[in-house]
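Now for the letters of each chain:
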Amino acid sequence: RGIDPKFELDDIMEGAITAYRVIRQIASNAKTAEEMALLAPFVSDPLLEVLQSNLANASATQRNTGLHVHDVCGEVVDVKLRMHEGEDVEAPETIEGQHQRGSQLLRKAQWLQLKVRFVALETDFVANA
């Protein structure tokens, strides 16, 4: 098995940006543990527990302050390919430059790991009680 030959970085980034927006909106605007539990499909169980604990310990002011995500940009900051068991290859040129060597590596790799940095324009607001 290898990386899906139909892999497209733009599709991955679009999905990651959408997930970031959803997670930020829910985590920042949840008023109850049940609302925070809506994050379960998107975050790990330990992270969800921390978020629910933070919500339980939040002041009334914190619970009544919401957040709106206006715009999100994402950029790939690191790419790692696993060629076979125990062999990881740093390959930033695979995604960024689409050099011939990079394309060949991508086709031969078992899996791909992307590290992505997000920058978001967000505004706080006071929610109705």
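Here is what the cut-offs are and how they apply
- Residues numbered from 1 in each chain as written.
- Predicted model: local features only at pLDDT ≥ 70, side-chain atom pairs only at ≥ 80, totals over all residues.
- Heavy atoms only, no water.
- 1 Å grid on protein atoms, 1.4 Å probe; cavity = no way out; pocket = protein on both sides within 12 Å on 5 of 7 lines; lining within 4 Å.
- Points joined across faces, edges and corners; volume = space filled by probe spheres on them.
- Helix = DSSP H or I, 4+ residues; strand = E, 2+ residues; numbered from the N terminus.
- Nonpolar A, V, L, I, M, F, W, Y, C, P; charged D, E, K, R; others polar.
- Contact = heavy atoms within 4.5 Å.
- Core = buried A, V, L, I, M, F, W, Y, C linked by side-chain atoms within 4.5 Å.
- Buried < 20%, exposed > 50% of the residue type's maximum accessible area, 1.4 Å probe, protein only.
- Expected span 1.5 Å × (residues − 1).
- Patch = residues over 30% accessible without salt bridge, like charges linked within 9 Å, V, L, I, M, F, W, Y side chains within 5 Å.
- Areas by Shrake-Rupley, 256 points an atom, 1.4 Å probe, with all protein chains shown as cover.
- Salt bridge = Lys/Arg side-chain N within 4 Å of Asp/Glu carboxyl O.
- Lys, Arg positive; Asp, Glu negative; His and termini not counted.
- Charge placed at Lys NZ, Arg CZ, Asp CG, Glu CD.
- pLDDT = per-residue confidence, 0-100.
- Phe/Tyr/Trp six-rings, centres within 6.5 Å; stacked < 30°, edge-to-face > 60°.

## Looking at the layout of surface pockets
- Reported here for the largest pocket is a volume of approximately 270 Å³.
- Residue lining of the largest pocket: 16 residues in total, with Ala27, Ser28, Met36, Leu55 and Gln62 positioned closest to the centre.
- Put simply, the parts of the chain that give the lining of the largest pocket at least two residues each are α1 (9–29), α3 (45–56), α4 (60–63) and β1 (65–84).
- A total of four residues in the lining of the largest pocket trace back to one element, the largest contributor, which is α1.
- A breakdown of the residues in the lining of the largest pocket according to their chemical character gives seven nonpolar, six polar and three charged.

## Focus on the side chain of Ser28
- Inspection of the secondary structure assignment puts Ser28 in helix α1.
- If sequence neighbours within four positions are ignored, Ser28 has contacts with Thr65, Gly66 and Leu67.

## Details of the nonpolar core
- Of all hydrophobic cores here, the largest spans eight residues; its members are Ile26, Ala30, Met36, Leu39, Val43, Leu48, Leu51 and Leu55.
- At three residues, α3 tops the list of elements feeding residues into this core.
- Residues contacting Leu39, with those up to four places away along its chain left out, are Val22, Ile23, Ile26, Ala27, Leu48 and Leu51.

## Re α1
- Along its 21 residues, α1 runs 30 Å from first to last C-alpha, staying within 8% of the 30 Å computed at 1.5 Å per residue.
- The set of residues buried in α1 consists of Leu9, Met13, Ile17, Ile26 and Ser28.

## Topic: a negative patch on the surface
- A surface patch of negative charge is lined by Glu8, Asp10, Asp11 and Glu14.
- Relative to the assigned elements, Asp10 resides in helix α1.

## As for the confidence of the model for the protein
- Averaged over all residues, the pLDDT of the protein equals 80, while 78% of them reach at least 70.
- Averaged pLDDT values for the elements of the protein fall to 49 in helix α5 (residues 92–96) and rise to 92 in α3.

## Notes on the packing of aromatic side chains
- Throughout the structure, instances matching the rule amount to one aromatic pair.
- Ring geometry for Tyr20 against Phe118: centres 4.8 Å apart, planes inclined by 20 degrees, an arrangement best described as stacked. One end of the pair, Tyr20, is in helix α1; the other, Phe118, is in strand β3 (residues 111–126), and 98 residues separate them in sequence.
- We classify Phe118 as partly exposed; its relative accessible area is 27%.

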